[in-house]
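Single-letter residue listing:
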Amino acid sequence: MGSLQARKERRKEIAFCPDHEITVLGFAMFLPQQDEWKLGMGTDNGTVISEFILSGFSGLDQRLQLFLCLLLLLMYLTTVMGNAAIILLVCVDNRLQTPTYFFIGNLAFLEIWFTSSTSSKLLVILSSGRRTISVGGCFAQSSFYFALGAAEFALLVVMSFDRYVAICQPLRYAAIMKHRLCIHLVAAVWVTGFTFLSYHLVLLSKLTFCGLNKIEHFFCDNTPLFQLSCSDTSLLWKIDSIFILFIVLSSLCLTLASYTSIFLCILQMPAASGRKKAFATCSSHLTTLAIAYGSCIALYARPTGHVSLETNRSVALLNTVLYPFLNPII
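Residues numbered from 1 in each chain as written. Predicted model: local features only at pLDDT ≥ 70, side-chain atom pairs only at ≥ 80, totals over all residues. Heavy atoms only, no water.

A. Seen up close, the packing of helix 4 (residues 99-128) against helix 5 (residues 135-168). Contact geometry for helix 4 and helix 5: axes closest at 10 Å, N-to-C directions at 160°. Between helix 4 and helix 5, the interaxial angle falls into the category roughly antiparallel. Every pair of crossing elements has a handedness; the one defined by helix 4 and helix 5 is left-handed. (Axes fitted to C-alpha atoms, helices over the stretch in contact; angles between N-to-C directions. Helix = DSSP H or I, 4+ residues; strand = E, 2+ residues; numbered from the N terminus. Parallel < 35°, antiparallel > 145°, perpendicular 65-115°, else oblique. Left-handed = near helix turned anticlockwise from the far one by under 90°.)

B. Looking closely at the pairing of strand 3 (residues 51-54). As paired elements, strand 3 and strand 4 (residues 132-134) share three bridges and run antiparallel to each other. By the bridge assignment, Glu-51 is partnered in strand 4 with Ser-134. As defined by bridge partners, strand 3 adjoins strand 5 (residues 214-215) across two bridges and the pair is classed as parallel. Across the sheet, residue Ile-53 finds its bridge partner in strand 5, namely Lys-214. (Pairing = 2+ DSSP bridges.)

C. The packing of aromatic side chains, seen in detail. One pass over the full model with this rule turns up 16 aromatic pairs. Here Phe-114 and Tyr-145 contribute two aromatic rings whose centre-to-centre distance is 5.4 Å and whose plane-to-plane angle is 20°, an arrangement assigned as stacked. A residue pair is termed long-range when its members are at least 10 positions apart, and Phe-114 in helix 4 and Tyr-145 in helix 5 qualify at 31 residues. The same class applies to Phe-114 and to Tyr-145, which are both buried. Aromatic side chains Tyr-145 and Phe-146 sit 4.9 Å apart centroid to centroid with 80° between the ring planes, which places their arrangement in the edge-to-face category. Judged by relative accessible area, Phe-146 falls into the buried class, the value being 6%. Site record: aromatic cluster; members linked through ring pairs are Phe-57, Phe-114, Tyr-145, Phe-146, Phe-196, Tyr-199, Phe-218, Phe-219 and Phe-243. (Phe/Tyr/Trp six-rings, centres within 6.5 Å; stacked < 30°, edge-to-face > 60°. Buried < 20%, exposed > 50% of the residue type's maximum accessible area, 1.4 Å probe, protein only.)

Okay, structure coming up:
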């Protein structure tokens with residue numbers, strides 16, 4: 001009985017020990033930070049990230065965020081409905097069963113998914129303030145964004161080649177742009193996209209996150225993810241930058257080569273009205289290409305130390321919202 005009474009007294013001393021109170025109060029100090037942190041315990045008793053928080057445009061006033069949400073929603077719905085209408089027309093109108101419109105239909109399909117990969121989450125952030133995204137969801141969003149972007153650049157090369165053949169070699173157009181060749185070219189475009197998807201998932205799997213989980217962006221872009229990672233990302237950053245620049249610059253060079261040949265052919269046209277119409281068509285196409293390629297080069301052609309996350313957010317809107325919005329119109 002004496003031993004039992006001694007143990008009870010010892011428990012009381014521990015329960016009211018000042019050090020124990022300090023420990024409890026110290027733990028309680030971390031409770032208000034749950035909005036900024038979402039941590040789990042790893043097998044090595046270290047903290048690992050299970051969620052990210054997208055900052056979006058949190059620096060803007062609430063009214064400005066609501067206005068931006070309505071504006072982006074209007075542009076997003078216009079983009080989706082416009083591209084869906086293009087796909088429907090290409091499928092049902094026999095007069096549009098040509099290689100050019102076949103490629104345009106594929107571009108419209110790509111644009112719907114490309115803008116949806118980022119705009120849908122941005123609209124949720126601006127409208128409801130729900131900024132959290134799981135690690136798996138973040139990786140999936142980033143991978144689909146880059147994969148669809150790579151596929152679109154490859155498709156732009158194919159479409160520029162189609163325009164070159166149509167304008168510079170019109171008599172041989174039907175013989176060159178056969179249905180089987182068009183199918184093979186589009187298949188190559190989608191293979192490029194899925195290859196980039198696999199590569200990007202492998203790249204992200206090499207990153208570890210064990211500290212801050214707030215992403216200063218409205219989607220899971222490479223730059224903030226690399227900066228948040230607590231592992232050494234210098235080599236991965238170089239590999240990723242080289243790979244992205246290869247995709248962007250190689251497709252840009254091939255596209256410019258096709259349009260240069262097109263302009264040379266246009267200058268040789270005898271009719272002034274034909275030259276004017278061809279120049280007007282090509283200039284509108286080149287405007288959208290300048291937005292797409294210019295924004296990508298501005299986002300991913302600079303070293304990590306010179307990247308401004310504020311600038312990234314603004315330029316990324318051109319690439320993810322404005323460019324898909326203009327394509328159906330043009």
